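The residues making up each chain are set out below.
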Amino acid sequence: RVAFSQSDYNVIAVEENGFSMAEASCPDQVCVREGAVTLENRAQRVLGGCVICMPHSLVLELRTAEEMLALLGESDAEARRNPGGAARRRRGGGE
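Conventions and cut-offs
- Residues numbered from 1 in each chain as written.
- Predicted model: local features only at pLDDT ≥ 70, side-chain atom pairs only at ≥ 80, totals over all residues.
- Heavy atoms only, no water.
- Buried < 20%, exposed > 50% of the residue type's maximum accessible area, 1.4 Å probe, protein only.
- Helix = DSSP H or I, 4+ residues; strand = E, 2+ residues; numbered from the N terminus.
- Pairing = 2+ DSSP bridges.
- Core = buried A, V, L, I, M, F, W, Y, C linked by side-chain atoms within 4.5 Å.
- Contact = heavy atoms within 4.5 Å.
- Phe/Tyr/Trp six-rings, centres within 6.5 Å; stacked < 30°, edge-to-face > 60°.
- Lys NZ or Arg CZ within 6 Å of the ring centre and 35° of its normal.

### Digging into helix 2 (residues 65–72)
Now for step 1: Taken across its eight residues, helix 2 has zero buried, putting it largely on the surface.
Now for step 2: Once helix 2 ends, the next one or two residues include Gly73, with phi positive near 85°.

### Regarding the pairing of strand 2 (residues 9–15)
Now for step 1: As defined by bridge partners, strand 1 (residues 2–3) adjoins strand 2 across two bridges and the pair is classed as antiparallel. Within strand 2, the position partnered with Val2 by the bridge is Asn10.
Now for step 2: Hairpin connection of strand 1 to strand 2: five residues between the antiparallel strands.
Now for step 3: For strand 2 and strand 3 (residues 18–24), the ladder comprises six bridges, and the chain directions are antiparallel.

### Some thoughts on the nonpolar core
Now for step 1: Counting residues in each nonpolar core, the largest one holds eleven residues, listed as Phe19, Met21, Ala24, Cys26, Cys31, Val37, Val51, Cys53, Leu58, Leu60 and Leu62.
Now for step 2: Those elements that provide at least two residues to this core are strand 3, strand 5 (50–53) and strand 6 (58–61).
Now for step 3: Of the residues forming this core, the biggest block, three residues, is contributed by strand 3.
Now for step 4: Among all residues touching Ala24, those that are not within four sequence positions of it are Tyr9, Asn10, Gln29, Cys31 and Val32.

### Concerning the sheet that holds strand 1
Now for step 1: Reading across from one edge, 1-2-3-4 is the order of the four strands in this open sheet, with antiparallel pairing throughout. A single partner strand is all that each edge strand has here, and the edge strands are strand 1 and strand 4 (37–38).

### Focus: the packing of aromatic side chains
Now for step 1: Inspection of the entire model under this criterion finds zero aromatic pairs.
Now for step 2: Taking NZ or CZ as reference, Arg1 lies 4.0 Å from the ring centre of Tyr9, over its face.

### Re unusual backbone geometry
Now for step 1: Even without being a glycine, Gln29 presents a positive backbone phi close to 60°.
Now for step 2: Considering the arrangement of structural elements, one finds Gln29 in the loop between strand 3 and helix 1 (30–33).
Now for step 3: Within the chain, Ser57 stands out as a residue other than glycine whose phi angle is a positive 55°.
Now for step 4: Within the fold, Ser57 resides in the loop between strand 5 and strand 6.

Quick look at the structure:
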């Protein structure tokens, strides 16, 4: 559950290979009617891997681990896997 105020919220259902907007307090319910986003159906969906709740300015997007690594770039990904080592390399020090 993502709460924006006492009365404004979205409930996100996360499953093994996807998600859906299970519930929302917005008046139009478009985000709920979008249905589930999965790795199998995202290429055929109008919004791809996204579900958008415009009244709450909420965007959810399904990405694979490989897509996230590409988005972060290899150096950022390495820094996240080994933060101490990356910091030492940036300072010019060794192990």
